[in-house]
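# Reading the structure
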Amino acid sequence: MIESLLVANRGEIARRIIRTAKRLGIRAIAVYSEADADLPFVAEADEAVLIGPPNPALSYRNTEAILAAAKSTGAQAIHPGYGFLSENAEFARTVEASGLIWVGPDADAITAMGDKINARNLMAAAGVPVAPGTTDPAADLDAAVSAAAEIGYPVMVKAAAGGGGMGMGVAVDEAALRTEYDKVRAFAERMFGDGSVLIERYFPRVRHVEVQILGLADGRVVALGERECSVQRRNQKLVEESPSPAVSPELRSRLLAAAVRAGEAVDYRNAGTVECLFDPTTEDFFFLEMNTRLQVEHPVTEYVYGIDLVEEQLRVASGLAPTFDPDALTPGGHAMEMRINAEDPKRFLPGPGVIRTWVEPTGEGLRVDSGYTEGNTVTPFYDSLLAKLIITGATRAEVLDRARDAVAAFQIEGPKNNVPFFAELLENEEFRSGAYDTGIVSRMR
């Protein structure tokens, strides 16, 4: 097993990785920016290294500073968490070229799945269903208009190099497409350094369902169930649950088999997620993208399958067998995660500030993965995620009841936060019934 681990991330995910590392007797090393010096993950690490100013480009995305920290502390491996450099193939290659262990899929898999068009084509060749769309980037606006006419409106305009719900727009007609194409291309060039755009059929009433996969050290790829991720704002998730209340046993079998084929197509190792769009009226599903990293919502899978996904990541990276029997995976119970963000609960606009009060709910079936505590300052430099409230139980009904009490008990004063939104959601009959789709938040607003 790896003996020392540098966590190239911050906030709740750094704290969560550090917790597993220390449980396994692995020396945990944190890196932090000047803005994060007082956050809990810095104090909880065995060692912490300041790597730069608040600007992520000069700290958490600064490859040289992170590698220098690894060298100075004698780190044996690097875990990137999610976001920042987690899906940067060049960083993964540089880590391994430096003689360090990369806790994640290899650079070739990251590269193959990082480009949306290449990923679509790979998945189609592997027999994974894909939505109607372009097989090459739309070279210009005229090409996009022609593609949309062939696919049929409405269409989704997507940044080929995008991810995390960023770089997307919906066009219901040609006029809207002309606006969205220029907008998405400019955003993609600015954010990803790649202005390539693809056009896909847009499905207005669908669910967003994903499958957790794990590529094992022996070469096998296993699927650890599905997660429902349809509660979203601006194409970004707010609530995830497992199992999905919309997935039948027959559909689950098809979903998991397709996800395994997706992983096998790129010789996948370590943790990854195959994201799909699912039409509940036809039970058809389509490949959306593959995230070549640990997901924010991984805790719901951990509960349902009784494993620690970070530990499994470390075991794969160390060349070790998993803690579970891949041939006897048995899910049980229900789990739900709510992303507690520093944002207005109505318009979902970021709201940084000093946390004057922070009281986490406690009790049976509750877990809080938090990145902050009372007295910390939420700055405008990073993602608005404050914590993840994970609720577990034997049934979805039990989880919903526990969630209502937990949300009522979660006290945050200072920065704006979306806890009131979850209180509203838990009273929403569409959500409580389980028969919701990706438009539920917009219908609530």
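From a predicted model like this one, the values you see are computed outputs, not experimental measurements.

Procedures and definitions
Residues numbered from 1 in each chain as written. Predicted model: local features only at pLDDT ≥ 70, side-chain atom pairs only at ≥ 80, totals over all residues. Heavy atoms only, no water. Phe/Tyr/Trp six-rings, centres within 6.5 Å; stacked < 30°, edge-to-face > 60°. Helix = DSSP H or I, 4+ residues; strand = E, 2+ residues; numbered from the N terminus. Lys NZ or Arg CZ within 6 Å of the ring centre and 35° of its normal. Buried < 20%, exposed > 50% of the residue type's maximum accessible area, 1.4 Å probe, protein only. Contact = heavy atoms within 4.5 Å. Arc of directions from axis to C-beta. Polar contact = N/O pair within 3.5 Å; in protein donor to acceptor, adjacent residues only side chain to side chain. Pairing = 2+ DSSP bridges.

## Side note on the packing of aromatic side chains
A complete count under the given rule lists 11 aromatic pairs for this structure. A centroid spacing of 6.4 Å and a plane angle of 85° characterise the contact between Phe84 and Tyr382, whose relative ring orientation is edge-to-face. One end of the pair, Phe84, is in the loop between strand E4 (77–79) and helix H4 (89–97); the other, Tyr382, is in the loop between strand E18 (377–378) and strand E19 (385–393), and 298 residues separate them in sequence. When the centroid spacing of 6.0 Å and the interplanar angle of 75° are considered together, the rings of Phe187 and Phe192 count as edge-to-face. Of the aromatic side chains, those joined through ring pairs into one cluster are Tyr60, Phe84, Phe381 and Tyr382. Between Arg207 and the ring centre of Tyr436, over which it is positioned, the NZ or CZ distance is 4.6 Å.

## Things to note about the environment of Ile117
Relative to the assigned elements, Ile117 resides in helix H6 (residues 116–125). Residue Ile117 is classed as buried on the basis of its relative accessible area of 4%. Counting along the chain gives 44 residues from Ile117 to Ala161, while the straight-line C-alpha distance between them is 8.7 Å. The residues touching Ile117, leaving out its near neighbours within four places in the chain, are Thr134, Thr135, Asp136, Pro137, Ala160, Val197 and Leu198.

## What to know about H4
Along H4, the positions that sit buried rather than exposed are Ala89, Phe91, Ala92 and Val95. Down the axis of H4, the smallest arc covering the buried residues is 160°, so these residues share one side. The outward face of H4, more than 90 degrees from its buried face, is lined by the exposed residues Glu90 and Ala97. On its buried face, H4 is in contact with helix H3 (63–73), E4, strand E5 (101–102) and helix H5 (107–114). Residue Asn88 occupies the N-cap position of H4, its side-chain oxygen lying 3.1 Å from the main-chain nitrogen of Glu90. Just downstream of H4, Gly99 is the residue with a positive phi angle, here 85°.

## Considerations on the sheet that holds E4
Ordered in space as E3-E2-E1-E4-E5, the five strands form an open sheet in which the pairing is parallel. Only two strands of the sheet have a single neighbouring strand rather than two, namely strand E3 (47–52) and E5. Looking at chain direction, strand E1 (residues 4–7) and strand E2 (residues 27–33) are connected through four bridges and run parallel. Bridged to Ser4 within E2 is Arg27.

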